[in-house]
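# Structural overview
Below are the chains, spelled out letter by letter.
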Amino acid sequence: MTNGELFLLIKNTLNNGENPDFEFDSRCIFEDITGLSALDLALNREKEADGAAAEKALKLAKRRSEGYPLQYLLGEWEFYGLRFKVGEGVLIPRPDTEILVETVINHFSAKKQTDPEIADLCSGSGCIAIALQKSMPRSRVTAVELSAEAMPYLSANIQRNEARVQIIKGDVTDGRLLDNFADPDSPGDHRQIDCIVSNPPYLTAEEMSELQREVAFEPALALDGGADGLKFYRIISCLWKEVLKEGGLLAFEIGFEQGEAVSELLRQSGYGDVKVIKDLGGNDRVVTGIKL
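Residues numbered from 1 in each chain as written. Predicted model: local features only at pLDDT ≥ 70, side-chain atom pairs only at ≥ 80, totals over all residues. Heavy atoms only, no water.

### Section: helix α10 (residues 231-239)
Threshold: The classification of residues rests on relative accessible area computed with a 1.4 Å probe and restricted to protein chains. Under 20% of the type maximum is buried, over 50% is exposed, and intermediate values are partly exposed. Helix and strand definitions here come from DSSP, where helices need a minimum of 4 consecutive H or I residues and strands a minimum of 2 consecutive E residues; each element is numbered from the N-terminal end. Picture the helix axis, draw a direction to every C-beta atom, and the arc is the one those directions span. Two residues form a contact once any of their heavy atoms are found within 4.5 Å.
Among the residues of α10, those classed as buried are Phe232, Tyr233, Ile236 and Ser237. Down the axis of α10, the buried set is contained in an arc of 115°. They therefore lie on one face. Those residues of α10 that are buried lie in contact with β3 (117-121), β6 (193-198), β7 (244-253), α11 (259-268) and β8 (271-278).

What follows is the structure, encoded as structure tokens:
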């Protein structure tokens, strides 16, 4: 089998699986397994393909045609210009989440603050925490994550990106986690930080029952936001307010229909200057508020 024949077979396999992105996915699988770029393929189309590589690429194509996420097949994905290890047990980084990262960076840039202390709740792969720390090298970032399945990815991604991010393992709905932010100079009080950021689980019970086949492979723990999808927004905005300084920023990623509901939750919880930021598709994607 030549390289050209292999690439065509990968494409046909994905196309037969009714994959709307089969062209892109085919290139990703082919390049990742063979090491040949589009230009390399054009120059070596008639060259015999490596047998082991061809067998592996076709197995991945078959898996992808069955709906298994491309990112899990490749084992890594790019987010905010950085590479992250991903696999079953961790939410796949998505471009929409980059809006959340940019919102936080822009906030501190406008304040001319280069060393904010930030807590990233429900951190998963660590893409938000790491992107923030690498973009603001003097920042102090803590990633909070409960899942034992996600923890190896979080640790590995911090190491591979050489990010200075501290990890706390625990449930963000458990108030005892706030003890990690104890003020050493004032026993019984919490250290006050500059920002809380989170892309929490936000799918409703109805949405969880109707997941697209690709999303169904991702961990339910990172998706299920309770009956109305707002469970974590309610808890985080109230509970974690204890460690957020006055004037501190709370920034959430949201589902595209949750802008109004999450904004109202923040106002009721004592936040001001509540804003909704849209993604590149024009959908509500981020809600921010300032602790009064």
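### With respect to the pattern of salt bridges
In plain terms, the rule: In the sections that follow, a salt bridge refers to a side-chain nitrogen of Lys or Arg positioned within 4 Å of a carboxyl oxygen of Asp or Glu.
In total, this model carries 19 salt bridges according to the counting rule given. The salt bridge involving Arg160 is made with Glu76; its shortest N-O contact spans 3.0 Å. In this pair, Arg160 is assigned in helix α8 (residues 151-160) and Glu76 in strand β1 (residues 76-79), connecting sequence segments 84 residues apart. Owing to a relative accessible area of 37%, Arg160 belongs among the partly exposed residues under this scheme. Notably, a salt bridge pairs Lys245 with Asp194, separated by 2.8 Å at the nearest N-O pair. One end of the pair, Lys245, is in strand β7; the other, Asp194, is in strand β6, and 51 residues separate them in sequence.

### Examining the packing of helix α2 (residues 22-34) against helix α4 (residues 51-65)
When two helices pack together, their arrangement is given by the angle between the helix axes and the distance between those axes. We apply this condition: A fitted line through C-alpha atoms represents every axis, and for helices the fit uses only the stretch in contact; the resulting angles, taken between N-to-C directions, go from 0 to 180 degrees. We call two directions roughly parallel when the angle between them is under 35 degrees, roughly antiparallel when it is over 145, roughly perpendicular when it lies between 65 and 115, and oblique otherwise. A clockwise turn of the near helix away from the far one marks a right-handed crossing, whereas an anticlockwise turn of less than a right angle marks a left-handed crossing. Three classes are used: nonpolar for Ala, Val, Leu, Ile, Met, Phe, Trp, Tyr, Cys and Pro, charged for Asp, Glu, Lys and Arg, and polar for all others, with Gly counted as polar.
Where α2 contacts α4, the two axes come as close as 9 Å, and the packing angle between them is 150°. Taken together, the axis directions place α2 and α4 in an arrangement best described as roughly antiparallel. At the point where α2 passes α4, the crossing takes the right-handed sense. Counting all contacts with α2, which are made through Asp25, Ile29 and Ile33, the residues of α4 involved are Ala53, Lys56, Ala57, Leu60, Ala61 and Arg64. A class-by-class count of the residues in the contact of α2 with α4 yields six nonpolar, no polar and three charged.

### Here we look at the state of the cysteines
Going by this rule: Cysteine sulfurs are considered disulfide-paired once they come within 2.5 Å of each other.
The tally for this structure, following the rule as stated, stands at zero disulfides. The closest cysteine sulfur to the non-disulfide-bonded Cys28 is located on Cys127, 18 Å from its own sulfur. Cys122 provides the cysteine sulfur closest to Cys127, a residue in no disulfide bond, and the two sulfurs are 12 Å apart.

### Some thoughts on unusual backbone geometry
Positive phi outside glycine occurs at Lys112, with the angle close to 60°. Following the sequence through the fold, Lys112 ends up in the loop between α6 (97-110) and β3. Although it is not a glycine, Asp273 sits at a positive phi angle of roughly 50°. On the secondary structure map, Asp273 appears in strand β8.

### What to know about the layout of surface pockets
Put simply, the test is: A pocket, in this scheme, is an open set of points on a 1 Å grid over the protein atoms alone with protein on both sides within 12 Å along at least 5 of 7 lines, while a cavity is a set where a 1.4 Å probe fits but cannot get out; residues line either one if an atom lies within 4 Å of a point. Grid points are joined across faces, edges and corners, and a volume is the space filled by probe spheres set on the points.
Of the volumes computed, that of the second largest pocket is approximately 410 Å³. In this structure, the second largest pocket is lined by 16 residues; those nearest its centre are Asp21, Arg64, Gln71, Arg94 and Glu214. For the lining of the second largest pocket, the secondary-structure elements that each account for two or more residues are α2 and α5 (70-74). Among the residues making up the lining of the second largest pocket, the classes are represented as seven nonpolar, two polar and seven charged.

### Re the packing of aromatic side chains
Rules: In this analysis, rings of Phe, Tyr and Trp, with Trp reduced to its six-membered ring, are considered paired at centre separations within 6.5 Å, and the interplanar angle assigns stacked below 30 degrees, edge-to-face beyond 60, and tilted for intermediate values. The criterion for a charge sitting over a ring is simple: Lys NZ or Arg CZ within 6 Å of the ring centre, and within 35 degrees of the ring normal.
Following the criterion strictly, the structure yields seven aromatic pairs and no others. Plain terms: the ring middles of Phe79 and Phe84 are 6.2 Å apart, the flat faces sit at 75° to each other, and that makes the pair edge-to-face. Residue classification places Phe84 among the buried positions, given a relative accessible area of 0%. Between Arg63 and the ring centre of Tyr68, over which it is positioned, the NZ or CZ distance is 3.9 Å. The ring of Tyr271 has Lys241 sitting right over it, with the charged end atom 5.5 Å from the ring centre.

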